[in-house]
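For reference, the chains in residue letters:
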Amino acid sequence: MNDDAAPSKADQVRLYLETLQARMDPDQFRVLRHLVSGSFSVLAAPDGEGHLDLGDEDKVHLTPDVTNELLVALAIAATGTMEHHVVDLGDGAATIMDADAANDPEAIQEMRDWAAQQRRERERTDAVLRGIADASDP
């Protein structure tokens, strides 16, 4: 197949979302679609700044499945391939890995160890900041 006939990254994301729409809860899919389009807007912002807003009525539909599907859609947009696997890192965190890495137990463990280290560092930083805030409170 020549490159001219290959689907664009946007077409691949669109195709992926169409397949999800058929099997996802409609409210969850609506939230996912909002997050995907909002993510692309944030990424395309010239200053690189932005944020995604979800109303309280939509937050109830932001499930781990929706978050995982968002990760996959963004990975497709970034790489142009659909060969991604969601890997659970523990404590509600997940990442996307290519098929080779996702089938390598050592690679998965390295990623889980890294994520656990990041969580521990965040917890230590939060504890220090809480201590500073408590000491500063008159």
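Reading the values: the criteria
- Residues numbered from 1 in each chain as written.
- Predicted model: local features only at pLDDT ≥ 70, side-chain atom pairs only at ≥ 80, totals over all residues.
- Heavy atoms only, no water.
- Helix = DSSP H or I, 4+ residues; strand = E, 2+ residues; numbered from the N terminus.
- Expected span 1.5 Å × (residues − 1).
- Buried < 20%, exposed > 50% of the residue type's maximum accessible area, 1.4 Å probe, protein only.
- Polar contact = N/O pair within 3.5 Å; in protein donor to acceptor, adjacent residues only side chain to side chain.
- Contact = heavy atoms within 4.5 Å.
- Axes fitted to C-alpha atoms, helices over the stretch in contact; angles between N-to-C directions.
- Parallel < 35°, antiparallel > 145°, perpendicular 65-115°, else oblique.
- Left-handed = near helix turned anticlockwise from the far one by under 90°.
- Nonpolar A, V, L, I, M, F, W, Y, C, P; charged D, E, K, R; others polar.
- Pairing = 2+ DSSP bridges.
- Salt bridge = Lys/Arg side-chain N within 4 Å of Asp/Glu carboxyl O.

1. Notes on helix 2 (residues 26–44)
Its 19 residues place the ends of helix 2 27 Å apart at the C-alpha level, agreeing with the 27 Å of an ideal helix rising 1.5 Å per residue. Every buried residue of helix 2 is accounted for by Gln28, Phe29, Val31, Leu32, Leu35, Val36, Gly38 and Ser39. Two or three places before aspartate 27, at the opening of helix 2, aspartate 25 has a side-chain oxygen 3.0 Å from that residue's backbone nitrogen.

2. Section: helix 6 (residues 105–136)
A rise of 1.5 Å per residue sets the reference length of helix 6, with its 32 residues, at 46 Å; its end C-alpha atoms lie 46 Å apart and thus fit the reference within 8%. Among the residues of helix 6, those classed as buried are Ala107, Ile108, Ala115, Ala116 and Arg119. Those residues of helix 6 that are buried lie in contact with strand 1 (84–90), strand 2 (93–98) and helix 5 (99–102). Between a side-chain oxygen at the N-terminus of helix 6 and the backbone nitrogen of glutamate 106 the separation is 3.0 Å; the capping residue is aspartate 104.

3. Digging into the packing of helix 1 (residues 9–23) against helix 2
Between helix 1 and helix 2, the least distance of the axes is 11 Å, while the angle of their chain directions is 165 degrees. Classed by the angle they form, the pair helix 1 and helix 2 counts as roughly antiparallel. Every pair of crossing elements has a handedness; the one defined by helix 1 and helix 2 is right-handed. Facing helix 1, whose interface residues are Val13, Leu17, Leu20 and Gln21, helix 2 presents Phe29, Leu32, Arg33, Val36 and Phe40. When the residues that make up the contact of helix 1 with helix 2 are grouped by side-chain class, the tally is seven nonpolar, one polar and one charged.

4. A look at the pairing of strand 1
Pairing of strand 1 with strand 2 involves six bridges; the strand directions are antiparallel. Paired with histidine 84 across the two strands is aspartate 98, which belongs to strand 2. Count of turn residues in the strand 1/strand 2 antiparallel hairpin: two residues, of which aspartate 91 carries a positive phi of about 55 degrees.

5. Looking at the pattern of salt bridges
Following the criterion strictly, the structure yields six salt bridges and no others. Among the ionic pairs, lysine 59 bridges to aspartate 56, the shortest N-O distance being 3.7 Å. In this pair, lysine 59 and aspartate 56 both sit in helix 3 (residues 56–59), three residues apart, roughly one turn of the helix. On the basis of relative accessibility, which here comes to 46%, the residue lysine 59 falls in the partly exposed class. For arginine 119, the salt bridge goes to aspartate 91, with nearest N and O atoms at 2.8 Å. With arginine 119 in helix 6 and aspartate 91 in the loop between strand 1 and strand 2, this pair connects stretches of sequence that are 28 residues apart.

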